[in-house]
Amino acid sequence: MRQYFHLFDLSQKVNYKNEILSGLTVALALVPEAIAFALIAGLSPLTGLYAAFTIGLITSILGGRPGMISGATGAIAVVIVALAKSHGVEYIFATVVLAGIIQILAGLLRLGKFIRLVPHPVMFGFVNGLALVIFLSQLDQFKMQDATGVLHWMTGNTLLVMVGLVLLTMFIIWGLPKITKVIPASLAAILVVSGLVIGFGIETKTVGDIASIQGGFPPFHIPVIPFTWESLQIIFPYALIVAGVGLIESLLTLNLIDEITETRGRSNKECVAQGAANVITGFFSGMGGCAMIGQSLINISAGARARLSGIVASVMLLMFIMFGAPLIEQLPMAALTGLMIMVAIGTFEWASLKTFGKMPKSDVLVIVIVALVTVFLHNLALAVLIGVVIAALVFAWENAKRIRARKYVDDKGIKHYEIFGPLFFGSVTAFNEKFDVLNDPDEVIIDFAESRVTDMSGIEALNKITERYQKAGKKLHLKHLSADCRQLLKNAESIIDVNIIEDPTYRVAVDKLV
């Protein structure tokens, strides 16, 4: 358990200027997103802001990936919106607590390592789809509400001012690093554009036009729901989905930052941290959340690499809520919109488009499907699961075609079949087609020196081929089965009868080091 409590790497060199300025930039960008996600879920804006503070702070301290930012997210919001409408906010808090417990258990059971099974094409699709989602979500900032509350596209000078300020923000973020890196470009862009708007009194959409962020310290609150079996039946399905979506999005974000920083995070530790954050958030009036890929990329691109940036972002967000609301509510949405559009551009894997003609068609299909599911369903967990299933089926199909057999008859008249490739559910049909039972001699040996029996379908295939030779009045021997293959056969000895000869001992790969 020591690894979960080893919080800070004191040997790591920390650039305090970058960490503090990056944290401030993230805090400013968190405000409109946290509000928007809370409104999507049908909750109070402060519910999203409190979640951004508590989750961001706890995961920054306890998490397995320094520099990664967590908070209230759209992925969680779309899961809980139905429960919020049907049962109210108290059930949301209880669901978040239960989801956190599930995530902690996942970390303690070391299930985080399974994120390694996500293929690279799925990562490409996930990142590209998420970049499109971030970009498309910013288009709402170019709309205004009429007297009836209906959104309409901006027109005239209002639109020109908005577009101009967004382009100015993007230009500063793009151009400033070419001149100096003393201050993060994203923070400089927000400050410059905000200064112009406030200083010259430019009429444009501000943070305060979305919702007020004025509030106090997150209040401790035990969810007020009946502690009954019926209540558990209501919240458990939502909690399971929230836990799964949160972990998948968090661990994929962790993998992405690992690639950018060329370091390695700790997935199981991150699972425990995400769970602890959600448990505490549920008791402090928060809507729950997970890692935020957009904010994490803002943080990393600004030069942050340590835990300090996430801590600063969370503390500054709380300061905004408690003391700085009047000032923060004057920030123009154009500055934050331009920042998020640049994040979307930077998130998109443009290199993946160049490889479309060079990659296998199956990989291209996975990238496109994952991206489309992410964009149109806004369900990142479902998109990743679909991508993994398709990739697994393609892998199984390709391996099924690789099983081969080399045949020869020795001096004693015994026919040998030397099998190459794995024998599993996908290759059983091809395996059965290799044998000529009727025309084979009276004794046959199947040599598995270059093959492995990997599942029950393979065992059943051996049983069937044994029966076929027995019916033909011929002897069949299995040769060079590895230890794990023989264990499979031993476990199935009540349903299979085979003759095994000359089995040497093979080492099988395991997780433990000896």
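Residues numbered from 1 in each chain as written. Predicted model: local features only at pLDDT ≥ 70, side-chain atom pairs only at ≥ 80, totals over all residues. Heavy atoms only, no water.

Draft legend 1. Representation of the packing of aromatic side chains. Considering all chains together, one arrives at 9 aromatic pairs under this definition. Taking 4.5 Å as the distance between ring centres and 50 degrees as the angle between the ring planes, the aromatic pair formed by Tyr417 and Phe435 counts as tilted. Here Phe435 lies in the loop between α19 (428-432) and β7 (443-450) and Tyr417 lies in strand β6 (residues 415-420), a separation of 18 residues in the sequence. Among the residues examined, Tyr417 registers a relative accessible area of 0% and is labelled buried. Classification of Phe435 as buried rests on a relative accessible area of 7%. Taking 5.0 Å as the distance between ring centres and 75 degrees as the angle between the ring planes, the aromatic pair formed by Phe431 and Phe435 counts as edge-to-face. Phe431 gets classed as buried once you look at its relative accessible area, which sits at 0%. An aromatic cluster of at least three residues, connected via ring pairs, comprises Tyr417, Phe431, Phe435 and Phe448. Against the face of Phe114 rests Lys113, its NZ or CZ located 5.8 Å from the ring centre. Across the ring face of Trp153, the terminal group of Lys143 is positioned such that the distance to the ring centre comes to 4.8 Å. (Phe/Tyr/Trp six-rings, centres within 6.5 Å; stacked < 30°, edge-to-face > 60°. Helix = DSSP H or I, 4+ residues; strand = E, 2+ residues; numbered from the N terminus. Buried < 20%, exposed > 50% of the residue type's maximum accessible area, 1.4 Å probe, protein only. Lys NZ or Arg CZ within 6 Å of the ring centre and 35° of its normal.)

Draft legend 2. Spotlight on the nonpolar core. Residues Ile80, Phe126 and Met287 are the most contacted members of the largest nonpolar core, which totals 108 residues. Setting aside anything within four residues of it in sequence, one finds Phe126 in contact with Leu252, Ile293, Val370, Leu380 and Val384. Listed in part, the 21 residues of the second largest apolar core include Ile419, Phe448, Val453 and Leu462. (Core = buried A, V, L, I, M, F, W, Y, C linked by side-chain atoms within 4.5 Å. Contact = heavy atoms within 4.5 Å.)

Draft legend 3. Helix α5 (residues 89-108), seen in detail. Over its 20 residues, α5 extends 29 Å from the first C-alpha to the last, a length consistent with the 28 Å expected when each residue adds 1.5 Å. Just downstream of α5, Arg110 is the residue with a positive phi angle, here 60 degrees. (Expected span 1.5 Å × (residues − 1).)

Draft legend 4. Structural view of the pattern of salt bridges. Applying the stated rule across the entire model yields 6 salt bridges. Salt-bridge contacts for Lys143 lead to Asp140; the nearest nitrogen and oxygen are separated by 3.7 Å. Look at Asp140 and you get partly exposed, because its relative accessible area is 39%. The shortest N-O distance in the salt bridge between Asp440 and Lys415 comes to 2.9 Å. Of this pair, Asp440 sits in the loop between α19 and β7 while Lys415 is found in strand β6, placing the two residues 25 residues apart along the sequence. (Salt bridge = Lys/Arg side-chain N within 4 Å of Asp/Glu carboxyl O.)

Draft legend 5. The layout of surface pockets, seen in detail. Taken as a whole, the largest pocket encloses approximately 1,100 Å³ of empty space. Along the wall of the largest pocket there are 38 residues; nearest its centre are Ala36, Phe37, Ile40, Ser137 and Asp140. Only α2 (16-40), α4 (74-87), α6 (120-138), β2 (143-145), α9 (207-210), α12 (293-301), α15 (333-347) and α17 (361-377) provide two or more residues apiece to the lining of the largest pocket. When residues of the lining of the largest pocket are assigned to their parent elements, the largest contribution, 7 residues, is made by α2. Residues belonging to the lining of the largest pocket are distributed by class as follows: 22 nonpolar, 10 polar and 6 charged. (1 Å grid on protein atoms, 1.4 Å probe; cavity = no way out; pocket = protein on both sides within 12 Å on 5 of 7 lines; lining within 4 Å. Points joined across faces, edges and corners; volume = space filled by probe spheres on them. Nonpolar A, V, L, I, M, F, W, Y, C, P; charged D, E, K, R; others polar.)

Draft legend 6. The confidence of the model for the protein chain, seen in detail. When pLDDT is averaged across the protein chain, the result is 87; 92% of the residues are at 70 or more. Across residues 1-7, where pLDDT falls below 50, the model places 15 contacts with residues more than four positions away in sequence or in other chains. (pLDDT = per-residue confidence, 0-100.)

Draft legend 7. Looking closely at α6. The end-to-end C-alpha distance of α6 is 27 Å, a good match for the 27 Å that 19 residues give at a rise of 1.5 Å each. For α6, the tally of buried residues reaches 14 of 19 residues, placing the bulk of the element in the interior.

Draft legend 8. Examining the pairing of β7 more closely. One ladder, built from 5 bridges, connects β6 with β7; its direction is parallel. Bridge pairing links Glu418 to Asp447 in β7. With 5 bridges joining them, β7 and strand β8 (residues 475-479) adopt parallel strand pairing. For Val444, the partnering residue across the bridge sits in β8 and is Leu476. Note that the unit made of β7, helix α20 (residues 456-471) and β8 has a crossover that is right-handed. (Pairing = 2+ DSSP bridges. Right-handed = clockwise from strand over helix to strand, strands pointing away.)

Draft legend 9. Inspection of the state of the cysteines at higher detail. In this structure the tally under the stated criterion is 0 disulfides. Take Cys271: it sits in no disulfide, and the sulfur closest to it among the cysteines is that of Cys290, at 12 Å. Residue classification places Cys271 among the buried positions, given a relative accessible area of 1%. Accessibility expressed as a relative area gives 0% for Cys290, which makes it buried. (Disulfide = S-S within 2.5 Å.)

Draft legend 10. Summary view of a positive patch on the surface. A contiguous patch of positive charge on the surface is contributed by Arg110, Arg116, Arg264 and Arg266. By secondary structure assignment, the location of Arg264 is in the loop between α10 (229-261) and α11 (267-283). Judged by relative accessible area, which is 66%, Arg264 ranks as exposed. (Patch = residues over 30% accessible without salt bridge, like charges linked within 9 Å, V, L, I, M, F, W, Y side chains within 5 Å. Areas by Shrake-Rupley, 256 points an atom, 1.4 Å probe, with all protein chains shown as cover. Lys, Arg positive; Asp, Glu negative; His and termini not counted. Charge placed at Lys NZ, Arg CZ, Asp CG, Glu CD.)

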